[in-house]
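Fold and contact review
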Amino acid sequence: MKKRVVVIGGGSGGMMVANRLARQLGDKVRNGEVEITLISNTEKHIYQPGYMFIAFNEKAPEHFIRKQETLAHRTVQVVYDEVTKIDPEKQKVVSAKYQYLYDYLVIATGSHPDLDSVQGLREGSQNFYTLDGAIKLRDTLAQMEEGKILITVDVPHKCPAAPLEMALMLDDYFRKRGNRDKIEIKYTYPIGRIHSLQPVADWACPTFEKRNILSETFFNLEEVDPKRKVAITMDGTEHSYDLLLSIPAHTGAKVILDSKLGDESGFIPTDRYTLKMIGSDNIYVIGDATNLPISKAGSTAHYQSEVMVTNIANRINGLPETARYNGKVACFLENSLEDASMITFDYQNPPSPAATSDLLHWFKSVYNELYWLNARGIL
Ligand SMILES: Cc1cc2nc3c(=O)[nH]c(=O)nc-3n(C[C@H](O)[C@H](O)[C@H](O)COP(=O)(O)OP(=O)(O)OC[C@H]3O[C@@H](n4cnc5c(N)ncnc54)[C@H](O)[C@@H]3O)c2cc1C
């Protein structure tokens, strides 16, 4: 009997899984024994790390956008639809116009910043976590001659290093423009150090001091008053700003909340090794949608896709499921617009930032171009 694999979400994780599976199961997909359906609620596939380069006007937005069907393997059926309900008992997912039956389901619905998580944030802040946000920020930065930039961070959020990188890149951007002495950059973080990973905090701290990037820890945003341009923290302190650059707490997709499959923020309880939804044998979860206490990052989704595809393909081929995800994450750390560090880590081994170099920044730039091969399941 034909095996149906349904993937919900055509972002990094979903596209990689669908394409890798199509390649791995080549003959079986071609002769109709296996059907792979990728359901995406958008025709655009956006390489989100590109938002930072858009904000600094290094690349135009189109550089980081492709149509989903140009990335999907020719044997993957791409359907543009919004899944509204996942029904594990009936092994189906439902939209307003159709229902899709599955034997194996991959949930790759990602996460997004909740701009309403703090009163006044939507009106009072800017961000680089959405396409529109990055474009607006680019235009704001281009016109900014002086003033105070306040960066606030709430958890959880994707790409944990991005806020810190943003502070370092802003510093370089205004130095190159010749007005750094007129711009105050203040970076804040909700816990007692400037990054959740101690080695990353240790890496960034001396650089912040050297480059006069101010920082404050235990900074928990409670409210924003856009009229007075003031951010108010939980202890009642008011912090004035000219540009509030905010990374709001993220939530999982609405369909996860509506289907009651996740925690209160919409993240799905997931086995850290098999990547199966807890309590299910045929639902897999990838990338930002999981509740795993690891970085929500494209590289995480990449390494997870290798494990997931091997296991699903093995099951379809009647073989045991033995691949295990070891928690691997790899991340470049931009130190400016010209140099970078890099970390890799997993469940057992903490990160240790590499020496900062021009070469690592160059590798990051190269990866930005190679990403499309990765999404196609070739790299
Ligand atoms: C500014 C920024 C910088 C970043 N930098 C890095 C970096 O340097 N390195 C790195 O590894 N990662 C980075 N990331 C993180 C990375 O982009 C994400 O972690 C990655 O995209 C997660 O992949 P995903 O497939 O889980 O989710 P996504 O790529 O977000 O895809 C989820 C998809 O599901 C779709 N969807 C949601 N609900 C439904 C539904 N009901 N029906 C159908 N489709 C649905 C969404 O529209 C979306 O297309 C960065 C992110 C940002 C914002």
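In the block above lies the structure referred to throughout.
Residues numbered from 1 in each chain as written. Predicted model: local features only at pLDDT ≥ 70, side-chain atom pairs only at ≥ 80, totals over all residues. Heavy atoms only, no water.

1. Some thoughts on the sheet that holds strand β6 (residues 83-87)
By way of backbone hydrogen bonds, the strands of a sheet pair with one another, either parallel or antiparallel. We apply this condition: Two strands form a pair only when DSSP identifies at least two bridges running between them. Under the DSSP-based scheme used, a helix requires at least four consecutive residues in state H or I and a strand at least two consecutive residues in state E, with every element numbered from the N terminus. Lines fitted to C-alpha atoms define the axes here, with helix axes fitted over just the stretch in contact, and angles between the N-to-C directions of these axes take values from 0 to 180 degrees.
With respect to topology, three strands assemble into an open sheet ordered β6-β7-β8, the strand pairing being antiparallel. One side of each edge strand has no neighbouring strand; the edge strands of this open sheet are β6 and β8 (99-101). Taking each pair of neighbouring strands and ignoring which way they run, the sheet shows an average axis angle of 20°. Sheet topology note: the β6/strand β7 (residues 92-95) ladder contains four bridges and is antiparallel. Looking across to β7, one finds that K85 is bridged to V94.

2. Here's the deal with the site of the ligand
Formally: The criterion for a residue being near a molecule or strand is simple. One of its heavy atoms has to lie within 4 Å of it. Whenever two N or O atoms come within 3.5 Å, that pair is a polar contact, provided that in protein one can donate a hydrogen and the other can accept it, and provided that, for residues adjacent in sequence, both atoms are side-chain atoms. A 1.4 Å probe and the Shrake-Rupley method give the accessible areas. Residues count as covered only by the protein chains that appear here. In the scheme used here, Gly and all other residues not listed as nonpolar or charged are polar, with Ala, Val, Leu, Ile, Met, Phe, Trp, Tyr, Cys and Pro taken as nonpolar and Asp, Glu, Lys and Arg as charged.
Near the ligand, the surroundings consist of 32 residues, among which G13, N41, G298, S299 and K364 are the closest. Within the side chain of N41, an N or O atom sits 2.6 Å from an oxygen atom of the ligand. Between the ligand and S299, the relevant distance is 2.9 Å, taken from an oxygen atom to a main-chain nitrogen or oxygen of the residue. The fraction of the free accessible surface of the ligand (990 Å²) that becomes covered by protein chains is 91%. Residue assignment for the shell around the ligand shows that the elements contributing at least two residues are α1 (12-24), β2 (34-40) and α10 (298-316). The biggest single contributor to the shell around the ligand is α1, with three residues. Looking at the shell around the ligand residue by residue, the class counts come to 13 nonpolar, 14 polar and five charged.

3. Thoughts on a nonpolar patch on the surface
The condition that has to hold: Patch construction takes residues with relative accessible area above 30% that form no salt bridge. Like charges are linked within 9 Å, and nonpolar side chains (Val, Leu, Ile, Met, Phe, Trp, Tyr) are linked within 5 Å. We count a salt bridge whenever a side-chain nitrogen from Lys or Arg sits within 4 Å of a carboxyl oxygen from Asp or Glu.
A cluster of nonpolar side chains, namely L370, L373, I378 and L379, defines an oily patch on the protein surface of about 320 Å² accessible area. Mapped onto the elements of the fold, L370 is located in helix α11 (residues 358-375).

That's the geometry; what it means functionally is another story.
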